[in-house]
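# Coordinates in review
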Amino acid sequence: MKDTYLAQFEKSKGGALADLRRRAIDRFAALGFPTGREEEWRFTDVGPIAETAFAAPNGADASRLADFAKGPLRACQFTFIDGRFEPSLSSLKLPKSVAAGSLASFLAEDPKRVEPHLARHASFEKNTFAALNTAFVRDGVFLHLPRGVKIDEPVHLLFLSAADGTPVVSHPRVLVIAEEGAQATIVESYLGPAGGTYFTNAVTEIVAREAAVIDYYKVQRESPKAYHVATVMAHLGRHAALTSHSISLGAALARNDIGAVLDGEGADVTLNGLYEASASQIVDHHTSIDHAKPHGTSRELYKGILNGKARGVFDGRIVVRPDAQKTNAVQTNKNLLLSKDALVNTKPQLEINANDVKCKHGATIGQLDRDMLFYMRSRGLGNDDARRLLVHAFASEIIDEVKVDAIRTQLGGCLHILSS
Amino acid sequence: MLEIRNLHASVGDKAVLKGIDLTVHAGEVHAIMGPNASGKSTLAYVLAGRENYAVTQGQVLFRGKDLLAMTPEDRAREGVFLGFQYPVEIPGVGNTYFMKNALNAIRKHHGQQELDAAEFLALVKEKARLVEMPEHLMNRPVNEGFSGGEKKRNEILQMAVLSPALAVLDETDSGLDIDALRVIGGGINAMRSRDRAIVVVTHHQRLLDYVVPDHVHVLVDGRIVKSGHRELALQLESKGYGWIK
């Protein structure tokens, strides 16, 4: 259905970023959808995305989705419906010095603020979905934190899909720039009504300049029939710190490409992830950590819980450039398979081009421990309860690291698939 | 309380229990002794319902009910407790939280109101004193990083909290120093009551200096070959198992 997108583009071309969008659609046209022969897509078949004619959104009734926007993070919340900013469900409480708003409004009123930064970090050269997103970039979030500003309240970016009939595609775009020493917590949530078929194709770019601190959460709870593809690219300056949590619970197919470039001395990155899939869900994380400068540290822990016939993919790549001496990088992927038909493909990779570094990586795939289960049952806990406790225990290593109370609480309650 | 009749069980292809008969009444403490690999732990596991232990013959009645037909959790809820020789570490599951869930599952089974956090905390603090359990271990994950002695204390603490009708304690004394043995023995003695039966499975008689049994049985090669009283345990201590055939 590549042509559907090309036709949609012809109807929406022009306006702000016209050149960028033109280059992106050309790139998408050249790359097309992955066929499965590409190394990056070996285990994840995007056939259902490629073969469905997702329409451009046509305006949905916001009131119908109002309940979704009443969560505990509503104090500072940007809400989007099918990729379009919805002011009636938003509440932008931010310090005056922060330039923040919908990307559409910035592109309309002050495109010069956006243009120098957009698409500088999430390259679409080889990433067809990023190209597609960029070709259709219209709306999303622009957040520019000036030097030294600290936002205490988590900034919630809530992406809702209306899913009221025709399958639609949205291309949310987020651009966060934290100037020197700025600090913020950003939470992206992706949600849709159960049963809805739609396609979310998101791109987020985060720039953390010297000593900036960004705590980033991505919580994906799309409809079980939805498709979710996201690219998150972060660029870190000297002594900047990024903590990223990718929580992937929903969607029929979810693919996350999450990357960070440590482009200043002493930058620090934590990439954590928790994915849970059941039935025939596919959840795929590709991560890349690029140590470009010395004294960088990175820790990466991804944990997966797979039940039914679900399939998990973890592909984690750490590159240490020749210049990046004294790098310290640790990468771990652990998977818990709850059924005999669940499957995971894990591929941790280190590419080290410097000689004075500490790097290690590892992956495990296991089942619930029978001795633990028996021990718990012998104390009176039911089999399901015992399994649930053990799954929570497995996930708690990630959940306990989540600093936003509302997400931690929510995660405690929604690891639900368990006993089969 | 417990009636074991002609119990045969195997692990894989190997017959381990070859016809056990044992009757335990409420209020009694029985010691089951025997050399290594005589089937003592197998008996304990079979009573608790561990998988991969196949009962090939015989029956076990617990308070008149068919124990072998029950799931492990139902046995626990009906009042059977197994003290493990090697208590399992459960990372990520808090010790107090675990015990509270277990106790409430048992209470629910009996139609009793579940205890809330405050009520449970009061109970567990009282019981922890009984086994001199350091408070910081209560908030740690179950048995994780506990010393051997701390794990055994935790077993006795769980027994005290869950208050079973029948406690089967599998080698609870193994790996304990004298001080820990005294504490554990004291904890077990405090649990002795007219309504409760305790079966102590042990290789050595030294625990029996603290927990004086009413009956002693010697298990050799999957059968009880001799039964007696306290003196039998002392004889075994001085003469070993070789003289019993």
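Residues numbered from 1 in each chain as written. Chains lettered and ligands numbered in written order. Predicted model: local features only at pLDDT ≥ 70, side-chain atom pairs only at ≥ 80, totals over all residues.

## Observations regarding the overall build of chain B
Condition: Strands here mean DSSP runs of E at least two residues long; helices mean DSSP runs of H or I at least four residues long; both are numbered from the N terminus. Radius of gyration: over C-alpha atoms. The globule rule applied is 2.2 Å multiplied by the number of residues raised to the 0.38 power. Here a residue counts as buried when 20 or more other C-beta atoms sit within 10 Å of its C-beta, as exposed when there are 12 or fewer, and as partly exposed otherwise, the C-beta atoms being derived from the backbone. By definition, residues are in contact whenever their C-beta atoms, placed on the basis of the backbone, come within 7 Å of each other.
Scanning chain B from N- to C-terminus turns up seven helices and twelve strands. In summary, chain B has a C-alpha radius of gyration of 18 Å against a globular reference of 18 Å for 245 residues, a match within 12%. Summarising its shape, the C-alpha atoms of chain B cover approximately 55 × 40 × 35 Å along the three principal directions. Across the 245 residues of chain B, 46% fall into the buried class. In chain B, the proportion of contacts linking residues at least 24 apart, taken out of those at least 6 apart, comes to 70%.

## Structural notes on the environment of B:His203
Residue and element names in this part refer to chain B. Residue position: His 203 is located in the loop between strand S10 (197-202) and strand S11 (215-220). His 203 sits in the partly exposed class, given 18 other C-beta atoms within 10 Å. Sequence separation between His 203 and Leu 219 is 16 residues, and the spatial gap between their C-alpha atoms is 10 Å. Apart from residues lying up to four places away in sequence, His 203 is in contact with Asn 36 and Glu 171.

## Quick look at the sheet that holds strand S16 (residues 297-306) of chain A
Residue and element names in this part refer to chain A. Basically, it comes down to this: We call two strands paired when DSSP finds no fewer than two bridges between them. As a rule, the C-alpha atoms of each element are fitted with a line to give its axis, helices using only the stretch in contact, and angles between N-to-C directions run from 0 to 180 degrees.
With respect to topology, ten strands assemble into an open sheet ordered S2-S1-S5-S8-S10-S12-S14-S16-S18-S20, the strand pairing being mixed. Whereas interior strands pair on both sides, the edge strands pair on one side only; in this sheet they are strand S2 (84-85) and strand S20 (358-366). Bridge count between strand S12 (residues 241-248) and strand S14 (residues 268-277): eight bridges; the pairing is parallel. Bridging across to S14, Leu 242 finds its partner in Val 269. Against the sheet, helix H8 (residues 383-399) makes contact with S14, S16 and strand S18 (328-337), and its axis sits at roughly 160° relative to S16, the strand it touches most.

## Let's talk about the interface of chain B and chain A
Each side of the interface is counted separately: chain B has 19 residues, and chain A has 17 residues. Every element with two or more residues in the side of chain B that touches chain A is listed here: helix H2 (72-78), strand S7 (90-94), helix H3 (95-109) and helix H5 (148-162) of chain B.

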